[in-house]
Amino acid sequence: ALPICRESKEIDAVLFAEFQVWKESPTLDRSCPFLERIYQEDVGPCLDFAKRELSELVQSAVEKNLLTVEPVASQSLPLVKASAVECGGPKKCALSGVSRTCKHRIKLGDSGNYYYISPSCRARITAVCNFFTYIRYIQQGLVRQDAELIFWEVMRLRKEMSLAKLGFYTHDA
């Protein structure tokens, strides 16, 4: 029988120190060392898609909590309009430019434009959104746990961003 592998973990002193300073006065300001590192190592790479301009708009919408992800109804036919090329379609991802079946689409803020996204791009966006949701909860005082437990949840969310960036995602994504 194969031995059961348990994931071992050890707190990185530098990361934990940055986290503790941030947690004293939680902010969404990306220039604080804690968030600056996460933007540089996780958020930026995770939202770095082939279509650069749209990538920047997506990151901005995620930061402002103004991005909507929704499933595409299988029976609905997309309306063809002038910007259809930029918005992708059920068979082409607007972020990667790759031909893929797109079961989801995103909307940025109040704009009427929907962008079709592949399962991989959806996984990357949702991983970053999950991180920001948790960080906002901490900032709003809604997370009341030991600092170490909160730290490990942040690290788990960073791990999810890294995995998504590398192309790993679940089939329901």
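Structure shown above.
Since the structure is predicted, the reported quantities are computational estimates derived from the model, not experimental observations. (Residues numbered from 1 in each chain as written. Predicted model: local features only at pLDDT ≥ 70, side-chain atom pairs only at ≥ 80, totals over all residues. Heavy atoms only, no water.)

Novice: Whenever I open this one, the pattern of salt bridges confuses me. Can you help?
Specialist: Side chains that differ in charge, positive against negative, can pair when their charged atoms come close. Evaluated as defined, the whole model comprises 8 salt bridges. The shortest N-O distance in the salt bridge between R37 and E41 comes to 3.2 Å. Highlighted residues: R37 and E41, both in helix α2 (residues 33–46), separated by 4 residues, approximately one helical turn. Look at E41 and you get partly exposed, because its relative accessible area is 41%. (Salt bridge = Lys/Arg side-chain N within 4 Å of Asp/Glu carboxyl O. Helix = DSSP H or I, 4+ residues; strand = E, 2+ residues; numbered from the N terminus. Buried < 20%, exposed > 50% of the residue type's maximum accessible area, 1.4 Å probe, protein only.)

Novice: Looking at this model, I keep getting lost on the nonpolar core. Mind explaining?
Specialist: Proteins that are soluble and globular tend to have nonpolar side chains buried together. Judged by nonpolar contacts, the single largest core of 47 residues is most densely connected at V58, L95, F131 and V154. Elements represented by at least two residues in this core include exactly α1 (13–24), α2, α3 (52–63), β2 (104–108), β3 (114–117), α5 (119–139) and α6 (147–165). Per-element tally for this core: the top contributor is α5, with 10 residues. Ignoring any residue separated from it by four or fewer positions in sequence, one finds V58 in contact with L47, L67, L95, I106, L108 and I125. (Core = buried A, V, L, I, M, F, W, Y, C linked by side-chain atoms within 4.5 Å. Contact = heavy atoms within 4.5 Å.)

Novice: Any chance you could explain the packing of α2 against α6 here in plain terms?
Specialist: Helix packing geometry: the angle between the two helix axes and the distance between the axes. One can describe the packing of α2 onto α6 by two numbers: an axis separation of 8 Å at closest approach and a directional angle of 30°. By the angle between their axes, α2 is roughly parallel relative to α6. Relative to α6, α2 is oriented so that their crossing is left-handed. Mapping the contact onto sequence places F34, R37, I38, E41, D42, V43, P45 and C46 in α2 and V154, R158, M161, S162, A164 and K165 in α6. (Axes fitted to C-alpha atoms, helices over the stretch in contact; angles between N-to-C directions. Parallel < 35°, antiparallel > 145°, perpendicular 65-115°, else oblique. Left-handed = near helix turned anticlockwise from the far one by under 90°.)

Novice: What exactly am I supposed to notice about the sheet that holds β3 here?
Specialist: Strand pairing in a sheet takes place through backbone hydrogen bonds and is either antiparallel or parallel in direction. Spatially, β1-β2-β3 is the arrangement adopted by the 3 strands of the open sheet, whose pairing is antiparallel. Whereas interior strands pair on both sides, the edge strands pair on one side only; in this sheet they are β1 (67–71) and β3. Taken pair by pair, the neighbouring strands of this sheet meet at an average axis angle of 30°, ignoring direction. (Pairing = 2+ DSSP bridges.)

Novice: Hey, could you run me through a nonpolar patch on the surface in this one?
Specialist: Taken together, L163, L166 and F168 make up a surface patch of nonpolar side chains, about 320 Å² in accessible area. Secondary-structure assignment places L166 in the segment after α6. Its relative accessible area of 63% is what places L166 among the exposed residues. (Patch = residues over 30% accessible without salt bridge, like charges linked within 9 Å, V, L, I, M, F, W, Y side chains within 5 Å. Areas by Shrake-Rupley, 256 points an atom, 1.4 Å probe, with all protein chains shown as cover.)

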